[in-house]
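# Descriptive analysis of the structure
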Amino acid sequence: LVVNLTVPATKPVRVTLRGGGRSGGNLRFYDEDSDNPGYALTSDAGSTSVARWIPAGDTILTLAAGALRDRVNNGQSVVQTITVSLDSDDAIYGRERNFIGSFAVTVLDVDESLIAVNKFLATTDPVTSDAAALTAKAKENAATFVFTAALTSLPFSAVRLEVKGDVDAFASISVDGADGGNRTVEPADWASAATYEFRVADDAVLSGDRNYSVWFVARSDDANYDGRRSATMTCQVIEDDVAFATVSGKALTVGAGVDGPTFSDGYWITLSAPPTANVVVSLDCADTNVFYTKRLLFTPDNWDRKYVAVNASLADPDVLEGRTARLTHYVESADAFFDDLAVSDVEIAVEFSVDSVPPPKLELVRFLDGGNGLDVLFDSPTNMIDGEWDIDCATLFEYAAQQFGADGTCAWTNSSALRVTFGAGAQIVPFDYVAATTLNSAHLKGGLLKNDLDGATLTSAAQYAEAQKPLDPILPAISITAPESVGKCDGVVLDARGATGGGSRALTYNWGVLTSWDAETDADMASVAALEAKLQQADAAGAVTLDLGFDDLLEGRAYDFLIAATNF
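Just so it is clear, the model here is predicted, and its values are computed rather than measured.

## Overview of the packing of aromatic side chains
In the structure shown here, the tally under the stated rule is 11 aromatic pairs. Measuring from centroid to centroid gives 5.8 Å for Phe170 and Tyr212, while their planes differ by 65 degrees, and the two rings are edge-to-face. With Phe170 in the loop between β11 (159-165) and β12 (172-175) and Tyr212 in strand β16 (residues 210-220), the pair connects residues that are 42 residues apart, well separated along the chain. Each member of the pair, Phe170 together with Tyr212, is buried. Ring centres of Phe397 and Phe404 lie 5.5 Å apart, and the angle between their planes is 85 degrees; this geometry places the pair in the edge-to-face category.

## Digging into the state of the cysteines
Applying the stated rule across the entire model yields one disulfide. Two residues, Cys393 and Cys410, share a disulfide whose sulfurs are 2.1 Å apart. Classification of the bridge connecting Cys393 and Cys410 rests on its S-S torsion, roughly 115 degrees, and on that basis the disulfide is right-handed. Of this pair, Cys393 sits in helix α1 (residues 393-396) while Cys410 is found in strand β31 (residues 409-414), placing the two residues 17 residues apart along the sequence. Here Cys393 and Cys410 have matching classes, each one buried.

## Considering the environment of Thr328
Within the secondary structure layout, Thr328 lies in strand β26 (residues 323-333). As a C-alpha pair, Thr328 and Ala286 span 42 residues in sequence and 9.2 Å in three-dimensional space. Once residues lying within four places of it in the same chain are set aside, the contact partners of Thr328 are Ser282, Leu283, Asp284 and Asp345.

## A closer look at the pairing of strand β19 (residues 251-257)
It is a general feature of regular strands that their side chains alternate between the two faces of the sheet. Taken across its seven residues, β19 has seven buried, putting it largely inside the fold. Burial along β19 is two-sided: the residues Ala251, Thr253, Gly255 and Gly257 and Leu252, Val254 and Ala256 are all buried. Pairing analysis gives five bridges linking β19 to strand β27 (residues 346-351), with the strands arranged parallel. Along β27, the bridge assignment pairs Gly255 with Glu351.

## So, the sheet that holds strand β14 (residues 183-185)
An order of β9-β17-β16-β11-β14 is seen for the five strands of this open sheet, with the pairing classed as mixed. The open sheet has two free edges, formed respectively by β9 (133-139) and β14, since each of these has just one partner strand. Each neighbouring strand pair of the sheet contributes to a mean axis angle of 25 degrees, computed without reference to strand direction. Sheet topology places β16 next to strand β17 (residues 232-238); five bridges connect them, and they run antiparallel. From the neighbouring strand, Arg210 faces β17, where its bridge partner is Val237.

## Some remarks on the side chain of Asp90
As for its placement among the helices and strands, Asp90 is situated in the loop between β6 (78-88) and β7 (100-107). Of the side chains with opposite charge, Arg97 lies nearest to the buried Asp90, which makes no salt bridge, at 7.2 Å. There is a polar contact of 2.9 Å between the side chain of Asp90 and the backbone nitrogen of Ile92. Aside from chain neighbours lying at most four places away, what touches Asp90 is Ala9, Thr10 and Lys11.

## Some thoughts on the side chain of Thr299
Relative to the assigned elements, Thr299 resides in the loop between β24 (295-298) and β25 (306-312). If sequence neighbours within four positions are ignored, Thr299 has contacts with Pro275 and Asn278.

## So, unusual backbone geometry
A positive phi angle, close to 55 degrees, is found at Met384, a residue other than glycine. Along the chain, Met384 turns up in the loop between β29 (373-378) and β30 (390-391). If you check the backbone angles, Tyr399 has positive phi at about 55 degrees while not being a glycine. Mapped onto the elements of the fold, Tyr399 is located in the loop between α1 and α2 (400-404). A relative accessible area of 42% means that Tyr399 is categorised as partly exposed.

## Here we look at a nonpolar patch on the surface
A cluster of nonpolar side chains, namely Val258, Leu320 and Phe352, defines an oily patch on the protein surface of about 270 Å² accessible area. On the secondary structure map, Val258 appears in the loop between β19 and β20 (260-263). Accessibility expressed as a relative area gives 52% for Val258, which makes it exposed.

## Focus: the pattern of salt bridges
Pairs can form between side chains of opposite charge once their charged atoms are near each other. Inspection of every chain in the model, using the stated rule, returns 15 salt bridges. Put simply, Arg199 and Glu197 hold a salt bridge, and the shortest N to O gap is 2.4 Å. Overall, Arg199 belongs to the partly exposed group, its relative accessible area being 22%. For Arg557, the salt bridge identified is with Asp524, shortest N-O distance 3.8 Å.

Criteria and thresholds
- Residues numbered from 1 in each chain as written.
- Predicted model: local features only at pLDDT ≥ 70, side-chain atom pairs only at ≥ 80, totals over all residues.
- Heavy atoms only, no water.
- Phe/Tyr/Trp six-rings, centres within 6.5 Å; stacked < 30°, edge-to-face > 60°.
- Helix = DSSP H or I, 4+ residues; strand = E, 2+ residues; numbered from the N terminus.
- Buried < 20%, exposed > 50% of the residue type's maximum accessible area, 1.4 Å probe, protein only.
- Disulfide = S-S within 2.5 Å.
- Contact = heavy atoms within 4.5 Å.
- Pairing = 2+ DSSP bridges.
- Axes fitted to C-alpha atoms, helices over the stretch in contact; angles between N-to-C directions.
- Lys, Arg positive; Asp, Glu negative; His and termini not counted.
- Salt bridge = Lys/Arg side-chain N within 4 Å of Asp/Glu carboxyl O.
- Polar contact = N/O pair within 3.5 Å; in protein donor to acceptor, adjacent residues only side chain to side chain.
- Patch = residues over 30% accessible without salt bridge, like charges linked within 9 Å, V, L, I, M, F, W, Y side chains within 5 Å.
- Areas by Shrake-Rupley, 256 points an atom, 1.4 Å probe, with all protein chains shown as cover.

Laid out in structure tokens, this is it:
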């Protein structure tokens, strides 16, 4: 708006402008940006009336006028009336001359009825175009894809958001923690972002990476929303299944006597996933007096675990003493995932002994569903060392304090099964067949366990078993404690310590914030950016509580805080 005096004044002239008309309170006046003529100064919050001075000798005052978005897509133009009045000690422009005039400004409706979607905790702007797409990536094991969705304008009627696309590919879909993919948005809640979780089941099949696409379609009596489609949300599942073969017992003991083998031992070989072609495992041993299964065949239709039986005779009937041998494995298959697969060697102790059965072996170590311990299984009943149900973990296992925590506990559930409960600081994690370390397995000490038969003399050899992931892992449950409102001069503390599911270990947290209002000034935008930076600092520090000062939040504005928790 340019106010142009036809005659320069000898005294300063006060110019007052006021807005009026329909929704007149929405019209605001702003100072012009001197560095960008023709545009409003973004640091100016604006006002519904304004008074400015034209210096003596000047004739022109430039201001900007604009209307705030009402977020109502009614397609109607709004006529605003602007009243201009002048006052000055210069008699030409004095109040008594009654320099008052008015003119009309037409404000066009620019609001659109769209569905805004974004990746959970994303720092990018939400996507509203149905031609655009969002892509989220997650590993297949317990993969969960999380998006937020909100409307961009106030609807005149309830809007039902229906999930379309590869819906059947997901094991479950939930909205704000409740099962079910479709959601009805009431007009009063149009600006509230809902959190959608799309979970993919781990299929244990070597199928490679795959993409699933979903989107929202609106159904409503509001013609602006009915049939509206959101951007496509692509969930990229990263294949994390690895072709491998586990060996249930890596240290065998077989008996040999003057008349030949006295007792045998054996172990299971298990494939991690069904092959697409036959898998042949060939076995070999340099000791010709060790007898074993020579060949195992796994087929796509029958890939259940296979048993390898082993026994031996004395290498020299005149030498009544034990020895050791080693079994090796070679894998061939037309399935590229399994061909030439590395399989653990098996150590064999050939014993000249009065025992009639081998000592127990580690058969399986598996994480509890809650992640807070292990179930350790042996292939046969043990003597439990001293017969007591509770046992010091360090007595049985190497690295016990490091892997199970300094105050971890071990207790027999029966003579062939042990329950490990982690203490604080436990470090063992499920076995990684790509980058395995000693922290991925439980290591049994040798020379301790015997079978439960009277007179047994042989003890289990030192051995290890890979810690398998839980059968049905429990996801973390998140809870944020915070007030729903706070005084403009007060701070606020967001507390997520009520979250569970860490398996006796600290959860990793990521914080985020959503706003449903427009930043009107540079100060508003700087405040939001500073808040996001503070959340990123909290993530880097692993903060489970978030302290916000009174100057971190803008007066009169609503914020939705988000948090994601990840266990080990």
